[in-house]
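# Overview (structure and organization)
As a plain string of letters, each chain reads:
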Amino acid sequence: MSSVRQEGKDKIIFVTKEDHETPSSAELVEEDPNDPYEEQGLILPSGEINWNCPCLGGMASGPCGTEFKDAFSCFHYSKEEVKGSDCLEQFRTMQECLQRYPELYPKEDDAQSSQASEESAGSAEPSDPAAGSEKDSSDPTLSNTESSAES
């Protein structure tokens, strides 16, 4: 026989082996497509932008969140032939904001170069370009190739 205990907001249910042997009578509730707390992706069914989408990587809530939202909204709702061509000022404003916070928004090439320098600093053995040019006398395929070339 199972027992149920309420601790604050949590409900704790202890079940027995017999409880697990009987088929579940739980009914699945269909998800509400208008639930603002459900993950809906970037664009909500209504066509609005989901600023809580994890795909935005926190850009909408950082120090440049307002600038990002302005630029992204302009692009999303743009009706121009070249989509977003009417949003240059908003993107320029966002870019200026991003440049004021280089520790939070590093330039892509800066991030790659710092990552590459960390990786090269972490390698234990120095690279020697001349090391690969010497013949390895213990490799039997090299001696076979040399002998067949000589004959």
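The rules behind these values
- Residues numbered from 1 in each chain as written.
- Predicted model: local features only at pLDDT ≥ 70, side-chain atom pairs only at ≥ 80, totals over all residues.
- Heavy atoms only, no water.
- Helix = DSSP H or I, 4+ residues; strand = E, 2+ residues; numbered from the N terminus.
- Buried < 20%, exposed > 50% of the residue type's maximum accessible area, 1.4 Å probe, protein only.
- Contact = heavy atoms within 4.5 Å.
- Areas by Shrake-Rupley, 256 points an atom, 1.4 Å probe, with all protein chains shown as cover.
- Axes fitted to C-alpha atoms, helices over the stretch in contact; angles between N-to-C directions.
- Parallel < 35°, antiparallel > 145°, perpendicular 65-115°, else oblique.
- Left-handed = near helix turned anticlockwise from the far one by under 90°.
- Expected span 1.5 Å × (residues − 1).
- Arc of directions from axis to C-beta.
- Salt bridge = Lys/Arg side-chain N within 4 Å of Asp/Glu carboxyl O.
- Disulfide = S-S within 2.5 Å.
- pLDDT = per-residue confidence, 0-100.

## Structural notes on the overall build of the protein
Summing up its helical and strand segments, the protein has 5 helices and 2 strands in all. In the protein, the succession of α and β elements from N to C terminus is β-β-α-α-α-α-α. A burial count over the protein gives 13% of its 151 residues as buried. Long-range pairs, those at least 24 residues apart, make up 28% of the contacts in the protein with a sequence separation of at least 6. Surface accessibility of the protein: about 12,700 Å² in total, with carbon and sulfur atoms responsible for 51%.

## Examining the packing of helix 2 (residues 65-77) against helix 3 (residues 88-100)
Put simply, helix 2 and helix 3 touch, their axes get as near as 8 Å, and they point 150° apart. The orientation of helix 2 relative to helix 3 falls into the category roughly antiparallel. Helix-helix and strand crossings are classified by hand; for helix 2 and helix 3 the assignment is left-handed. Contacts between helix 2 and helix 3 involve Glu 67, Phe 68, Asp 70, Ala 71, Cys 74 and Phe 75 on the former and, on the latter, Gln 90, Phe 91, Thr 93, Met 94, Cys 97 and Arg 100.

## Considering helix 3
With 13 residues, helix 3 extends 19 Å from end C-alpha to end C-alpha; this agrees with the ideal 18 Å at 1.5 Å per step. Turning to helix 3, its buried residues are Met 94, Cys 97 and Leu 98. On an axial view of helix 3, the arc spanned by its buried residues comes to 100°, and they lie on one face. Residues Leu 88, Gln 99 and Arg 100 are exposed on helix 3 and point more than 90 degrees away from its buried face. Buried residues along helix 3 sit in contact with helix 2.

## Some remarks on the pattern of salt bridges
Inspection of every chain in the model, using the stated rule, returns 3 salt bridges. One salt bridge connects Glu 7 with Arg 5, and the closest N-O pair in it is separated by 2.9 Å. A relative accessible area of 42% places Arg 5 in the partly exposed class. Glu 89 is paired through a salt bridge with Arg 92; the nearest N and O atoms lie 3.1 Å apart. Separated by 3 residues within a single helix, Glu 89 and Arg 92 lie in helix 3, roughly one turn from each other.

## Focus: the state of the cysteines
Across all of its chains, the model carries 3 disulfides by this definition. Sulfur-sulfur distance for the disulfide between Cys 53 and Cys 55 comes to 2.3 Å. Its torsion about the S-S bond being 130°, the disulfide of Cys 53 and Cys 55 is classed as right-handed. A sulfur-sulfur separation of 2.1 Å characterises the disulfide bridge that pairs Cys 74 with Cys 87. Measuring the twist about the S-S bond at about -90°, one finds the Cys 74-Cys 87 disulfide to be left-handed.

## Some thoughts on helix 2
The first and last C-alpha atoms of helix 2 sit 18 Å apart over 13 residues, in line with the 18 Å expected at 1.5 Å per residue. Taken as a whole, helix 2 has its buried residues at Gly 65, Glu 67, Phe 68, Ala 71 and Cys 74. Looking at the packing, one finds that the buried side of helix 2 touches helix 3.

## Section: the confidence of the model for the protein
Of the residues in the protein, 66% reach a pLDDT of 70 or more, and the chain-wide mean stands at 77. Overall, residues 124-151 carries pLDDT values under 50, and its contacts beyond four positions in sequence, including any with other chains, amount to 2 contacts.

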